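Structure assessment
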Amino acid sequence: MLKLIQTRLKQGYRTSAFPRKPINLHPSYRGRPEINRDCDPEVAARCAEACPQEAIDAEKRRIDLGRCVFCGLCQQLSEGRFIRFTTDFRLGVAERDQLLYQGSLPDLAAHSKQHFKKLFGRSLQLREVSAGGCNACEADTNVLNTPFFDLSRFGIQFVASPRHADGVFVTGPVPRNMKTALLDTYQAVPAPKVVIACGSCALSGGPFRGSDEIVPLETLLPVDLFIPGCPPHPLTILDALLKYFKG
Amino acid sequence: MDNFLPITNGCAIPRKELPILEFPHFRDSLLASTAANGNIVQFFGYEENGTATLLAVIRKGYDLSAAQCAMPKEFPSLTAENWKFNLFEREIAEQFGIRPLHHPWFKPVRYHANWRGAPDVFGADYQTDIPGLYDYFRVEGEHIHEVAVGPVHAGIIEPGHFRFQCFGEKVLHLEIQLGYQHRGVERLLPTLPFKRLPIVVEGIAGDTTIGNSLCFAQAVESLSSLKVPDPARVVRTIALELERLACHVGDLGALSGDVAFNPPAAYYGRLRGEFLNLLVVLAGNRFGKGLVRPGGVTKIPTPDNVALLRDKIKEVRPEIIQVADLLFSAHSVQARFEGCGRVDRATAEAVGLVGVAGRASGLDYDAREFFPTEKYKMMSPCSYNRKRGGVYSRAWVRYEEICHSLNLAEDLLGTIPEGDLPFPDPNWRLAPDSFVVTVNEPWRGELSHCLLTDAQGKILRYKVKDPSFHNWTGLALALRNQEISDFPLNNKSFNLSYCGFDL
Ligand code: SF4
Ligand code: SF4
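Owing to the predicted nature of the structure, the values given are computational and were not obtained by experimental measurement.

**Description of the site of ligand 1**
Of all residues adjacent to ligand 1, which total 13 residues, the nearest are A:C51, A:C68, A:C71, A:G72 and A:C74. Per-class residue counts for the shell around ligand 1 are 11 nonpolar, 2 polar and no charged.

**Regarding the interface of chain A and chain B**
Interface size is commonly expressed as the accessible area that is lost once the parts come together. On the chain B side, the residues contacting the 64 residues of chain A number 64 residues. When chain A packs against chain B, close to 5,200 Å² is buried across both sides, 56% of that on carbon and sulfur atoms. A salt bridge links B:D325 to A:K3, with the shortest nitrogen-to-oxygen separation between them at 3.2 Å. Taken together, chain A and chain B are joined by 26 residue pairs in polar contact (both at pLDDT 80 or more). Breaking the side of chain A that touches chain B down by element, the ones donating at least two residues are helix 1 (2-11), helix 2 (41-50), helix 3 (73-77), strand 6 (124-130), helix 6 (136-142) and helix 7 (176-188) of chain A. Its residues placed into classes, the side of chain A that touches chain B shows 28 nonpolar, 21 polar and 15 charged.

**Here we look at the domain arrangement of chain A**
Residues and elements named next belong to chain A. Under the domain assignment, chain A is made up of domain 1 (33-85) and domain 2 (108-246). Inter-centroid distance (C-alpha atoms) of domain 1 to domain 2 is 27 Å. Domain 1 puts 9 residues into the contact, and the matching count from domain 2 is 9 residues. For domain 1, the biggest contributors to the area lost against domain 2 are Q53, G66 and V69; these three give 55% of the whole. Taken together, domain 1 and domain 2 are joined by 1 salt bridge. The partner of R209 in a salt bridge is E54, and the shortest N-O contact between them spans 3.2 Å. Per-class residue counts for the side of domain 1 that touches domain 2 are 5 nonpolar, 2 polar and 2 charged.

**Description of the nonpolar core**
Formed by 60 residues in total, the largest nonpolar core has its most connected members in B:L242, B:L252, B:Y268, B:F275, B:L291, B:I320 and B:F337. Those elements that place two or more of their residues in this core are helix 5 (209-223), helix 6 (230-258), helix 7 (262-283), helix 8 (303-329), helix 9 (331-337) and helix 13 (391-413) of chain B. Among the elements that make up this core, the one with the highest residue count is helix 6 of chain B (12 residues). In this view, B:F337 contacts B:L255, B:V259, B:V391, B:Y392, B:A395 and B:L489; residues no more than four positions away in its chain are not counted. A:F82, A:A131, A:V174 and A:Y186 belong to the second largest nonpolar core, which has 50 residues in total.

**Overview of unusual backbone geometry**
Most peptide bonds take the trans configuration, and most residues that are not glycine carry a negative phi. Following A:A191, the chain continues to A:P192 via a peptide bond in cis, the omega torsion being -10°. Here A:P192 lies in the loop between helix 7 and strand 9 (194-198). At A:F70, a position not held by glycine, the phi torsion is positive, near 55°. Tracing the chain through its elements places A:F70 in the loop between strand 3 (62-64) and helix 3. For A:F70, a relative accessible area of 6% corresponds to the buried category. Phi angles above zero are rare outside glycine, and B:D433 is one such case at about 45°. For B:D433, a relative accessible area of 34% puts it in the partly exposed group.

**Observations regarding a nonpolar patch on the surface**
All names here are of chain A. On the surface, a cluster of nonpolar side chains totalling about 390 Å² of accessible area is made up of M1, I5 and L9. With respect to the element layout, I5 can be found in helix 1. Of the residues examined, I5 reaches a relative accessible area of 44% and is grouped as partly exposed.

**A look at the site of ligand 2**
Residues in contact with ligand 2, as listed here, are A:G133, A:C134, A:A136, A:C137, A:G199, A:S200, A:C201, A:P207, A:G229, A:C230, A:P231 and B:K289. The residues that come close to ligand 2 belong to more than one chain, namely chains A and B. Every element with two or more residues in the shell around ligand 2 is listed here: helix 6 and helix 8 (200-204) of chain A. Across the shell around ligand 2, the residue classes break down as 7 nonpolar, 4 polar and 1 charged.

**Description of the pattern of salt bridges**
Counted according to the given criterion, the structure contains 47 salt bridges over all chains. A:R81 serves as the salt-bridge partner of A:E79, at 3.8 Å between the closest nitrogen and oxygen. Looking at A:E79, the relative accessible area reads 65%, which means it is exposed. One salt bridge connects B:K465 with B:E446, and the closest N-O pair in it is separated by 2.2 Å. Here B:K465 is found in strand 16 (residues 459-465), whereas its partner B:E446 is found in the loop between strand 14 (434-440) and strand 15 (447-453), with 19 residues between them in sequence.

**Focus on the sheet that holds strand 9 (residues 144-149) of chain B**
Residue and element names in this part refer to chain B. As summarised here, the arrangement of the 3 strands in space is 9-10-11, forming an open sheet in which the pairing is antiparallel. Each edge of the open sheet is held by one strand with a lone partner, namely strand 9 and strand 11 (170-177). The average angle at which neighbouring strand axes cross in this sheet is 20°, direction not considered. Packing against the sheet, helix 14 (residues 468-478) makes contact with strand 10 (161-167) and strand 11, and its axis sits at approximately 160° to strand 11.

**Observations concerning the packing of helix 7 of chain B against helix 8 of chain B**
All names here are of chain B. Where helix 7 meets helix 8, the closest approach of the two axes is 10 Å, and the angle between their N-to-C directions is 165°. Relative to helix 8, helix 7 is oriented roughly antiparallel. The way helix 7 lies across helix 8 gives a crossing that is left-handed. From helix 7, P263, P264, Y267, Y268, R270, L271, E274, F275, L278, V281 and L282 reach across to helix 8, where they touch N305, L308, L309, K312, I313, V316, E319, I320, V323, A324, L326 and L327.

**Here's the deal with the environment of B:H161**
Residues and elements named next belong to chain B. The topology assignment puts H161 in strand 10. The class for H161 is buried, based on a relative accessible area of 6%. Leave out the neighbours within four places in its chain, and H161 touches Y136, A148, V149, G150, P151, E175, I176, Q177 and Y180. A polar contact of 3.4 Å, which involves the side chain of H161, links it to the backbone oxygen of V149.

**Regarding the environment of A:I56**
Residue and element names in this part refer to chain A. Mapped onto the elements, I56 comes out in strand 2 (residues 56-57). We classify I56 as buried; its relative accessible area is 12%. Along the primary structure I56 and C68 are separated by 12 residues, whereas in three dimensions their C-alpha atoms are 8.3 Å apart. Each residue touching I56, except ones within four places of it in the same chain, is listed here: C47, A48, C51, R62, C74, F82 and I83.

**Focus on the environment of A:H26**
Structurally, the position occupied by A:H26 is in the loop between helix 1 and strand 1 (33-35). Residues A:H26 and A:P52 lie 26 residues apart in sequence; the distance between their C-alpha atoms is 25 Å. The contacts of A:H26, once residues within four sequence positions are left out, are A:T87, B:V280, B:V281, B:N305 and B:L308.

**Some words on the sheet that holds strand 2 (residues 13-14) of chain B**
Residue and element names in this part refer to chain B. The sheet built from 4 strands is open, its strands ordered 2-14-15-16 with antiparallel pairing. In this open sheet, the two strands that pair with only one neighbour each are strand 2 and strand 16. Both strand 2 and strand 14 contribute to a ladder of 2 bridges, which runs antiparallel. By the bridge assignment for strand 14, I13 is matched with F435. Those strands touched by helix 5 are strand 14, strand 15 and strand 16, and its axis lies near 150° from that of strand 14.

The rules behind these values
- Residues numbered from 1 in each chain as written.
- Chains lettered and ligands numbered in written order.
- Predicted model: local features only at pLDDT ≥ 70, side-chain atom pairs only at ≥ 80, totals over all residues.
- Heavy atoms only, no water.
- Near = heavy atom within 4 Å.
- Nonpolar A, V, L, I, M, F, W, Y, C, P; charged D, E, K, R; others polar.
- Contact = heavy atoms within 4.5 Å.
- Buried area = accessible area lost by both parts, 1.4 Å probe.
- Salt bridge = Lys/Arg side-chain N within 4 Å of Asp/Glu carboxyl O.
- Polar contact = N/O pair within 3.5 Å; in protein donor to acceptor, adjacent residues only side chain to side chain.
- Helix = DSSP H or I, 4+ residues; strand = E, 2+ residues; numbered from the N terminus.
- Domains from an automatic or database assignment.
- Core = buried A, V, L, I, M, F, W, Y, C linked by side-chain atoms within 4.5 Å.
- Buried < 20%, exposed > 50% of the residue type's maximum accessible area, 1.4 Å probe, protein only.
- Patch = residues over 30% accessible without salt bridge, like charges linked within 9 Å, V, L, I, M, F, W, Y side chains within 5 Å.
- Areas by Shrake-Rupley, 256 points an atom, 1.4 Å probe, with all protein chains shown as cover.
- Pairing = 2+ DSSP bridges.
- Axes fitted to C-alpha atoms, helices over the stretch in contact; angles between N-to-C directions.
- Parallel < 35°, antiparallel > 145°, perpendicular 65-115°, else oblique.
- Left-handed = near helix turned anticlockwise from the far one by under 90°.

Here it is in structure tokens:
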């Protein structure tokens, strides 16, 4: 018991003040990119050519944030002259088209479905379905339950049974072998229900796009909230949930 | 084994140097070697111009060796004589539609049609997309009951199916069926432009991003004679240790949570985050994505960031030690950890366990020591004081490795020279008709990639073997005669990868 108290004193209170106070991530973190629209077309073309995810449209000076894995190659190649990553972690959007990013993102709170806010704004229960992917998206979703983020203080919980859930939170590119399990889980959630896609895999197949072993999520379920990243930072997820349901 | 060719970790050789044996010799050599402390690093098939071949890489002590043979349509199963071959043989059967005769337990691994369009050897039609739909081993008896769990589990966990045969609370048998995470990685990789490879490799298992990227980068570097600058080697080694620290610390917290002792779960949960944030400092990503590339690393930390890393390690070390003291001295924890889920040394050896689970059962194999890459030649080995093979040992081995790893990372941080490096040129080419195998020891255990190139220098075969491929069997065996309520604890004590296994 003494040890318990000693350790507790040493460890202290660690829950972050976000969203009341802003959080600054380390400057190395690659969050929302900034696009220089006046960049030399040749540099932009070179980045588009090299992008492993074919996420860059050089002519339109646009990045598909659904495909982008935030690998940083375009920033390195253009030495920051075309694309430069900022530490801004607020990336969630409410429509697939809004992922085609030209330098600014629409206000998520203004675009979320109003009835979801009313229904789930005070209490939101989600069933997470891990469907392929590399498990980093799952890990950084799980982290929201640690004391630092303490998700439940916002009335949001990840629950075990889809029957207790208000929606599904999908990570991964949906392998053929997980399709039925995902659809069954979705079916078991009582309507009205929300679908959240988290991570490049769920948004576009991510690194695995083109594999015949995966079935794109958008062909299976109507997605309401898109959270880009590979994986999205826990704060990206938290910010998206708070804005979409409580904003 | 004299008919196998001695090879070196991470050194590409022309494929024509690999001996091609007659199947009976190939089989006999493999059986003789694995019966005498040899272990399988790789055993897989590949096809070129309509000819299919089997290739095996074996480790024995400090030596690696390889040989191949023409792939027979069917062959007397090696598993029937040595259990280490079980999953390898079933994987080959699944990928190539060939049949190991008299395999004691023949069933799909990941549940997909074979790559050659050959008649299915498992009698599945793959119209239903459920890997778990198959006849599980059943224990019969009046009081026997069956418990089925998954694929979608209660928490935020990857999918897999677990089938327990129980007598009351006691688990007589656990069968694990995976494949739900199968996204066709090995089939996809050879078809992709090279620029996509680092990204797919980082997606094999996110918690082993650095480990997989290293295996990949070392293979490419050897196949394309890329020189890696020494500071990049230092950074890669530190990154692999930070990955280990994050995972091990997180695992100790989760183990504590599984026995309902919440304080260490909370503290270690947060401390795990500290290491992920240190990976951000190195890589710009919490899992180290975007850091390791063939030819080096994308970024050398600035002196300020090196100082930040050192200070952080100094700061968290006493905290980790204090929480460990709290965890391991709590009677309620000891009561649950001690003697739970034991895999004795003989069993561990028989199924070929690797990594933390192997070392906790007394198998002193650490690829960092046996086949050192990067800066591991300078590493002094970690010592292990708990080798009884149960949950306690698996937790304690992690703790010892955490302490060892903190020292290692700290030492290495002192050797990063100032100054940036040019970032590695992403336009590399691979030597044609070559073969390379790479072995590293990320936090879970021995990870290996194997690349074969064709006459044009394209990738002919990309084989990945996650340590979990060896260790899932260990979990199934650990559960025998345990309470079913101890499953989560045992599962956590192995903490194996689903996506790394399913590929
Ligand atoms: S950061 Fe995104 S856009 Fe840039 S190269 Fe990587 S995947 Fe492409
Ligand atoms: S989006 Fe990236 S981090 Fe998330 S599961 Fe896919 S590969 Fe992993």
